[in-house]
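Below are the chains, spelled out letter by letter.
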Amino acid sequence: MRDSHIGPIRSLVFALAASVAVMLAGCAGAPTPFAPASPNAGAIANLAKIIFGIAGVVFVVVETLLIYSAWRFSRKRDGEPTQIEGNSKFEVAWTLAPAIVLAVVFVVSLQTLTQIAYLPTAASAQTATTVHVRAIGHQWFWEFDYPDLKFTTANEMHVPLGAIVSIDTEAVDVIHSFWVPQLAGKTDAIPGHINHMWFQPTQIGTYHGQCAEFCGIEHANMRFQVVVESAEQFQTWVKGQQAPVATMTGDAVKGEQIFLQGACVGCHTVNGTKAIGKVGPNLTHLASRKNFAGAILENTPQNLALWLQDPQKMKPGTLMPRLNLSQADINALVAYLTSLK
Ligand code: CUA
């Protein structure tokens, strides 16, 4: 009887261990909310630790009592144990104890919520610059518009170290969610409605972001990056983004013609040209970005060529159709796109 149970139990343990291993492997290199680089992300990480600690204590107490009772009051050995139904002391205790635990969780959660909900007060804000960004969710990429600085980009958002980054999240199609685990909590991006959030980066670096609301087939590939850099580097980047579109030379001239005469202009914008489409990302300074296609592909000539050949193969479901371009056209278009510095 006993032996027949070892098989299934052992399989269960193996299955559990395997799932944990797969989960941990999947997390390798992924952004963690437990390495915060902004005060509000820090507040969220602290809250998570407090609640995990409380849950851990509850787990240990409950499981210890459970295992002890099963052993101590064994029916096989002692028969049916004394029944305690109607014992008011026990009933008050196990009603009060969870109520107190939940009250503590409620209070610390409420404190964290108020701490992260509002922009830092005027006093601390005066010491820092504020950068406004509109983060607009599209199926399946993030558009970043800097209304005060008057330019629009995609997939890669730059912010200066120490600045208060004030973000309005919006969406054009379905509900998305803006999430950079190391910088702030999740904020839904809802069509026809603006949500506000903020963070204040305290460490230079590139932070990974991920859409956190299921928004269709390419939801998992709706990524982006937040580049936190020095004020000087940020100013250089801003100047680059504000600059007029580059003048084309060589193969890029032909590529520009194909782009402006083809279907591309229906979906993409290149500032100062007849390309004013709003479906796909603004490409004016595409070559300045490290990634494209929802930040899942490295921005290299090879990847751009593969993308132009068959976007559906590179990112199944993307709204960019297959264009049946000749190899010569693809080469010219890649020369054009890589010149959009
Ligand atoms: Cu956008 Cu998920």
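Draft legend 1. How the structure looks around the packing of aromatic side chains. For the coordinates displayed, the defined rule picks out 13 aromatic pairs. On the basis of an interplanar angle of 20° and a centroid distance of 4.6 Å, the ring pair of Tyr146 and Phe151 is categorised as stacked. The burial state of Tyr146 is the same as that of Phe151; both residues are buried. Relative to Trp237, the ring of Phe151 lies with its centre 5.3 Å away and its plane at 80°, an arrangement referred to as edge-to-face. Taken together, the residues span a long stretch of sequence, with Phe151 in strand 3 (residues 151–154) and Trp237 in helix 6 (residues 231–242) at a distance of 86 residues. Overall, the relative accessible area of 4% leaves Phe151 in the buried class. Classification of Trp237 by relative accessible area gives buried; the value is 10%. Members of the aromatic cluster, joined through ring pairs, are Trp142, Phe144, Phe178 and Phe224. One residue, Lys186, lies across the ring of Trp179, its end atom 4.5 Å from the ring centre.

Draft legend 2. Region of the structure containing the sheet that holds strand 9 (residues 205–210). Read from one edge to the other, the open sheet built from three strands follows the order 4-10-9, with strand pairing classed as mixed. The open sheet has two free edges, formed respectively by strand 4 (156–160) and strand 9, since each of these has just one partner strand. Neighbouring strand axes in the sheet, compared pairwise and without regard to direction, differ in orientation by 25° on average. Relative to strand 10 (residues 223–229), strand 4 runs parallel, the two sharing five bridges.

Draft legend 3. Looking closely at unusual backbone geometry. Between Gln139 and the following residue, Trp140, the backbone shows a cis peptide bond with an omega angle of -5°. One can find Trp140 in the loop between strand 1 (130–138) and strand 2 (141–146). The residue Asn155 is not glycine, and still its phi comes out positive at about 65°. Along the chain, Asn155 turns up in the loop between strand 3 and strand 4. A positive phi angle, close to 60°, is found at Ala295, a residue other than glycine. Following the sequence through the fold, Ala295 ends up in the loop between strand 11 (291–292) and strand 12 (297–298).

Draft legend 4. Examining empty space enclosed by the protein more closely. Applying the stated rule across the entire model yields one cavity of 30 Å³ or more. Of the pockets and cavities examined, the largest cavity occupies roughly 30 Å³. Lining the largest cavity, in full, are Phe151, Thr152, Gln241, Asn271, Asn282, Thr284, His285 and Arg289. Of the residues contributing to the lining of the largest cavity, the split by class is one nonpolar, six polar and one charged.

Draft legend 5. Structural detail: the pairing of strand 2. In terms of burial, strand 2 is largely enclosed, as six of its six residues are buried. Direction of pairing for strand 2 relative to strand 3: antiparallel, over a ladder of four bridges. By the bridge assignment, Glu143 is partnered in strand 3 with Ala154. Between strand 2 and the antiparallel strand that follows it, strand 3, lie four residues; Lys150 among them carries a positive phi value of about 60°.

Draft legend 6. Representation of the pattern of salt bridges within the structure. Summed over all chains, the structure comprises four salt bridges. Between Asp329 and Lys254 there is a salt bridge whose closest N-O contact spans 3.9 Å. Highlighted residues: Asp329 in helix 10 (residues 327–337) and Lys254 in helix 7 (residues 251–261), separated in sequence by 75 residues. Since its relative accessible area comes to 38%, Lys254 is described here as partly exposed. The residue Arg322 makes a salt bridge to Asp310 at a minimum N-O spacing of 3.5 Å. Highlighted residues: Arg322 in the loop between helix 9 (311–314) and helix 10 and Asp310 in the loop between helix 8 (301–309) and helix 9, separated in sequence by twelve residues. A residue is classified by how much of its surface remains accessible, and Asp310, at 19% relative accessible area, is buried.

Calculation rules
Residues numbered from 1 in each chain as written. Predicted model: local features only at pLDDT ≥ 70, side-chain atom pairs only at ≥ 80, totals over all residues. Heavy atoms only, no water. Phe/Tyr/Trp six-rings, centres within 6.5 Å; stacked < 30°, edge-to-face > 60°. Buried < 20%, exposed > 50% of the residue type's maximum accessible area, 1.4 Å probe, protein only. Helix = DSSP H or I, 4+ residues; strand = E, 2+ residues; numbered from the N terminus. Lys NZ or Arg CZ within 6 Å of the ring centre and 35° of its normal. Pairing = 2+ DSSP bridges. Axes fitted to C-alpha atoms, helices over the stretch in contact; angles between N-to-C directions. 1 Å grid on protein atoms, 1.4 Å probe; cavity = no way out; pocket = protein on both sides within 12 Å on 5 of 7 lines; lining within 4 Å. Points joined across faces, edges and corners; volume = space filled by probe spheres on them. Nonpolar A, V, L, I, M, F, W, Y, C, P; charged D, E, K, R; others polar. Salt bridge = Lys/Arg side-chain N within 4 Å of Asp/Glu carboxyl O.

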